[in-house]
Amino acid sequence: MKLYPKDRRALLEAAMGRRPCDLAVENVRFVNVFTGEIYPAVVYVLDGFVAYVEEGGRADPALAHQVVDGQGAYLTPGFVDPHIHIESTMLTPRAFAAAVVPHGTTTVVTDPHEIANVLGEQAVVYMHDAAEDLPMRQLVDIPSCVPAVPGLENSGAEFDAGTVHRLAKLPRVTGLAEVMDFLAVAQGEQRMLDMLDAAQQEGLYVQGHVPVSDKRLLSAYAIGGPTTCHETREGEDAVSKLRLGLRIDARESSIAKDVEKIYSQVRRLRYLDRVSLCTDDREAHDILENGHMDNALRKAVACGMDGVDALRCATLHPALESGLSNLGAVAPGYAADFLLLEDLKDFRVRAVYYGGRLVARDGVLTQEITPKTFALEQMDTMRVPPLKREDFDIAAPVEQGVVKVNVLHFAELEKSNTTRCVEEIPVRDGKLDLSQQPDLCYVKIVNRHGKGTVCSGVTRGFGLKEGAFASTVSHDSHNLCVVYRDADSAYEACRALVACRGGMCCAMPGQQTVTLPLPVAGLMSTLPCGELARQVGEMKQALRRAGMPQSNPLVRIVTMALPVIPEAKYTDLGLVDVYAKKVLPLFPEA
């Protein structure tokens, strides 16, 4: 994708000094992300594009209608996030822009597969159209994983090659979003090959997601078409993927914080031009407290990365990997998206310019975002069957004694990788009884897209000690998922979410239920970031009272039903063996 000036001849004349520009920014330390140099310069802008960068400290007032004194700040490109799900912020696209622009983010490449799994193609159109006329650029990649793995879960829609061709007509579509079903690519399954072919025919780049280290599988995956991977958690895996020519998006999200481990290994490599930073899933409270791409940059520098190198990973590199030929740098013919920063360590943002216009200063928007409403935001997506209290008891194949159960095991409190193990669980009056095993919880996943499917299970190491935690934010099909210690609490939590059109809920015996309403597709709120962050903070406190010790307990539940993260996951169809791509019985010997 390339952005074009409305009058190329005028921009040429401005570059030659034959026409005055709209703006000149002088007295700055210019960071050249092509060469790595920092030097005094003046940046001239016409009609939203850079016309000329002149070495030296002061502008010629005859060549600009407005001259801004940068007061010695670093002038850098605006930050580019190459992989994010805006839905994971729980904000609508317009509220998201208001939250991240003051942090220096001027372009994001978003994958709306969360809401697409709920509401299909109309949801992608909504995410595209809701991002019009903003003081930032929200580009859209067409979701490839609706559902994530066909046959292993039921979502609210199914995308295929025809979907890719239709959605490619949207003006700000740039790629095919993360291809999560890595086994379908490596094994040459026809549906996935057809989608990859459609992307190629439409001139789209292909974003990847491959959480494995097997060299042959990685090689087949790269041949299939994906060129990037944000699902890299270990440094050695990052090195292996870079050696194959894949681009690595080092992720600093609310769920996974991978920058430190990745940089600890890739730092020894001679070239890092295929390494970028991204945020992937970052919720509103995290943005308010810690920032957006600026937070990822601070983390990279804290790990030992040079400030200019880190800046390249948040500007030029992500633009190149996303096929954005004149974004990610401040140079003639490039979009005039740039920042004035106090330093290259903490990346404190003094001012944000988007298309040559000042849009934020000192953490505050200076350009109003016009409120807009959309019909999709009022839809009720909670199409679940009527729930009864007894639905949350799990029947066993024996009346009394013990029974062997396939259990989903979280090995670590802060990670989403899970394994399957077989355990003996007590049975009382024909039902599984976990009352004497505080590290075990019941699981129920209820399809909320009108399919009628429900699964029950048991998990170890989730962290919940009492009550129930229910959520309709449950990647990627976003069915109603509840983890619980007692059936009464589970029933109350699920009832609360049906009533408020989705969200998150914590219920505990004898205490008031705490609910985080997310009425837009059960994923997002229409509140601004500050108000939503307050509600998110209250939910985190409730979950900590329920015994969840994680640094961010909200995100624990969201990947329990994601059947592309090894080695096992629950979906509305049952316990899934990720590598074998099959559903396992709850009772292996029944």
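Relevant structure appears above.
Calculation criteria
Residues numbered from 1 in each chain as written. Predicted model: local features only at pLDDT ≥ 70, side-chain atom pairs only at ≥ 80, totals over all residues. Heavy atoms only, no water. Buried < 20%, exposed > 50% of the residue type's maximum accessible area, 1.4 Å probe, protein only. Helix = DSSP H or I, 4+ residues; strand = E, 2+ residues; numbered from the N terminus. Pairing = 2+ DSSP bridges. Right-handed = clockwise from strand over helix to strand, strands pointing away. Contact = heavy atoms within 4.5 Å. 1 Å grid on protein atoms, 1.4 Å probe; cavity = no way out; pocket = protein on both sides within 12 Å on 5 of 7 lines; lining within 4 Å. Points joined across faces, edges and corners; volume = space filled by probe spheres on them. Nonpolar A, V, L, I, M, F, W, Y, C, P; charged D, E, K, R; others polar. Axes fitted to C-alpha atoms, helices over the stretch in contact; angles between N-to-C directions. Arc of directions from axis to C-beta. Core = buried A, V, L, I, M, F, W, Y, C linked by side-chain atoms within 4.5 Å. Parallel < 35°, antiparallel > 145°, perpendicular 65-115°, else oblique. Left-handed = near helix turned anticlockwise from the far one by under 90°. Salt bridge = Lys/Arg side-chain N within 4 Å of Asp/Glu carboxyl O. Phe/Tyr/Trp six-rings, centres within 6.5 Å; stacked < 30°, edge-to-face > 60°. Lys NZ or Arg CZ within 6 Å of the ring centre and 35° of its normal.

Enquirer: Looking at this structure, I do not really get the pairing of strand S7 (residues 105-110). What am I missing?
Expert: For a regular strand, side-chain orientation follows a simple rule: the groups alternate between the two sheet faces. Within S7, 6 of the 6 residues are buried, which leaves the element mostly enclosed by the surrounding structure. Sheet topology note: the strand S6 (residues 79-84)/S7 ladder contains 4 bridges and is parallel. Each bridged residue has a counterpart across the sheet, and for Ile-84 the counterpart in S7 is Thr-110. With respect to chirality, the unit in which S6 leads through helix H2 (residues 93-100) into the neighbouring parallel S7 is right-handed.

Enquirer: It is not clear to me how the environment of Ala-198 should be interpreted in this structure. Could you clarify?
Expert: Its place among the elements puts Ala-198 in helix H7 (residues 190-201). Linking Ala-198 and Thr-163, residues 35 residues apart in sequence, is a C-alpha distance of 9.1 Å. With residues near it in sequence (within four places) discarded, Ala-198 still touches Ala-161, Val-164 and His-165.

Enquirer: Teacher, can you tell me more about the layout of surface pockets here?
Expert: Estimated volume of the largest pocket: approximately 340 Å³. For the largest pocket, the lining is made up of 20 residues, of which Ile-255, Ala-256, Lys-257, Glu-414 and Lys-415 are closest to its centre. In the lining of the largest pocket, the residues fall into 5 nonpolar, 6 polar and 9 charged.

Enquirer: Just to check I follow, could you spell out the pairing of strand S25 (residues 503-507) for this structure?
Expert: For S25, the tally of buried residues reaches 5 of 5 residues, placing the bulk of the element in the interior. Residue alternation in S25 divides its side chains into two sets, Gly-503, Cys-505 and Ala-507 and Met-504 and Cys-506, and both sets are buried. Two elements, strand S23 (residues 468-471) and S25, share 4 bridges in a ladder whose sense is antiparallel. Bridging across to S25, Phe-469 finds its partner in Cys-506. The sheet contact formed by S25 and strand S26 (residues 514-517) spans 4 bridges and is antiparallel.

Enquirer: So what exactly am I meant to see when it comes to the sheet that holds strand S13 (residues 275-278) here?
Expert: Adjacent strands of a sheet pair through backbone hydrogen bonds, lying either parallel or antiparallel. Pairing in this open sheet of 3 strands is parallel, and the strands run S11-S12-S13 from one edge to the other. The open sheet has two free edges, formed respectively by strand S11 (228-229) and S13, since each of these has just one partner strand. Examined bridge by bridge, S11 and strand S12 (residues 247-251) share 2 bridges and lie parallel to one another. What sits directly across from Thr-228, in S12, is Arg-247.

Enquirer: In this structure, what is going on with the sheet that holds strand S27 (residues 568-571)? I would like to understand it.
Expert: Across the sheet, 3 strands lie side by side as S27-S28-S29; this open sheet has antiparallel pairing. Because the sheet does not close on itself, it has two edges, and the strands there are S27 and strand S29 (582-584). With direction set aside, neighbouring strand axes in the sheet form an average angle of 40 degrees. Here S27 pairs with strand S28 (residues 574-577) via 4 bridges, running antiparallel. For Thr-571, the partnering residue across the bridge sits in S28 and is Gly-574.

Enquirer: What is the right way to look at helix H10 (residues 259-266) in this model?
Expert: Note: α-helices contain 3.6 residues per turn, so residues at a spacing of three or four share the same orientation. Among all positions of H10, only Val-259, Ile-262, Tyr-263 and Val-266 are buried. Here the buried residues of H10 occupy an arc of 95 degrees about the axis, which is enough to place them on one side. Against helix H9 (235-243), S12, S13 and helix H12 (293-302) lie the buried residues of H10.

Enquirer: Which parts of the structure should I look at to understand the environment of Arg-495?
Expert: Looking at the secondary structure, you find Arg-495 in helix H15 (residues 487-499). Along the backbone, Arg-495 and Lys-388 are 107 residues apart, and their C-alpha atoms lie at a distance of 9.3 Å.

Enquirer: Explain the nonpolar core here, please?
Expert: Side chains that are nonpolar tend, in soluble globular proteins, to be buried together. Core analysis: the largest hydrophobic core is formed by 172 residues, its most contacted members being Leu-277 and Leu-432. Setting aside anything within four residues of it in sequence, one finds Leu-277 in contact with Val-80, Pro-82, Ala-250, Val-259, Met-293, Ala-296, Leu-297, Ala-300, Ala-310, Cys-313 and Ala-314. Counting 18 residues, the second largest nonpolar core, distinct from the first, contains Val-28, Val-45, Val-50 and Ala-336.

Enquirer: It is not clear to me how the packing of H9 against H10 should be interpreted in this structure. Could you clarify?
Expert: Axis angle and axis distance: for two packed helices, these are the angle between their axes and the distance between the axes, and together they describe the pair. For the pair H9 and H10, the least separation of the axes is 7 Å and the interaxial angle reads 60 degrees. For the element pair H9 / H10, the angle class is oblique. The chirality of how H9 crosses H10 is right-handed. Across the interface between the two elements, Gly-235, Glu-236, Ala-238, Val-239 and Leu-242 from H9 touch Lys-261, Ile-262, Gln-265 and Val-266 from H10.

Enquirer: Mind showing me how you'd approach empty space enclosed by the protein here?
Expert: If a probe as big as a water molecule is rolled over the atoms, it shows which places are left empty. Under the criterion given, the structure shown has 6 cavities of 30 Å³ or more. The space that makes up the largest cavity amounts to roughly 160 Å³. Around the largest cavity sit 21 residues that line it, and Glu-231, Arg-251, Asp-280, Asp-281 and Leu-562 are the ones nearest its centre. Of the pockets and cavities examined, the second largest cavity occupies roughly 130 Å³. Every residue lining the second largest cavity is counted, 15 residues in all, and those nearest its centre are Ser-88, Met-90, Val-473, Val-555 and Val-558. Taken together, the residues of the lining of the second largest cavity break down into 8 nonpolar, 3 polar and 4 charged.

Enquirer: Which parts of the structure should I look at to understand the pattern of salt bridges?
Expert: Charged atoms that come close allow side chains of opposite charge to pair. Scanning the entire structure with this criterion turns up 35 salt bridges. Between Asp-69 and Arg-58 there is a salt bridge, and its shortest N-O distance comes to 3.8 Å. Here Asp-69, found in strand S4 (residues 64-69), pairs with Arg-58, found in the loop between strand S3 (49-55) and S4; they are 11 residues apart in sequence, far enough to count as distant. What makes Asp-69 partly exposed here is its relative accessible area of 36%. In this structure Arg-58 comes out as exposed when scored by relative accessible area, which is 52%. In this structure, the salt-bridge partner of Arg-389 is Asp-488, at a minimum N-O distance of 2.5 Å.

Enquirer: Explain the packing of aromatic side chains here, please?
Expert: The relation between two aromatic rings is expressed through the spacing of the ring centres and the mutual angle of the planes. Counted under the stated rule, the structure contains 9 aromatic pairs. Residues Phe-392 and Tyr-491 carry aromatic rings whose centres are separated by 6.4 Å and whose planes lie at 55 degrees to one another, so their mutual orientation is tilted. Placement of the pair is Phe-392 in the loop between strand S17 (364-365) and strand S18 (401-410) and Tyr-491 in helix H15, with a sequence separation of 99 residues. What makes Tyr-491 buried here is its relative accessible area of 18%. Between Phe-410 and Phe-462, the aromatic rings sit 5.8 Å apart at their centres with planes inclined by 75 degrees, giving edge-to-face as the arrangement. Linking Phe-410 in strand S18 with Phe-462 in the loop between strand S22 (454-460) and S23, this pair joins segments that are 52 residues apart in sequence. By the burial criterion, Phe-410 is buried, and Phe-462 matches it. An aromatic cluster of at least three residues, connected via ring pairs, comprises Phe-392, Tyr-442, Tyr-484 and Tyr-491. A cation over a ring is seen here: Arg-29 above Tyr-74, with NZ or CZ 4.1 Å from the ring centre.

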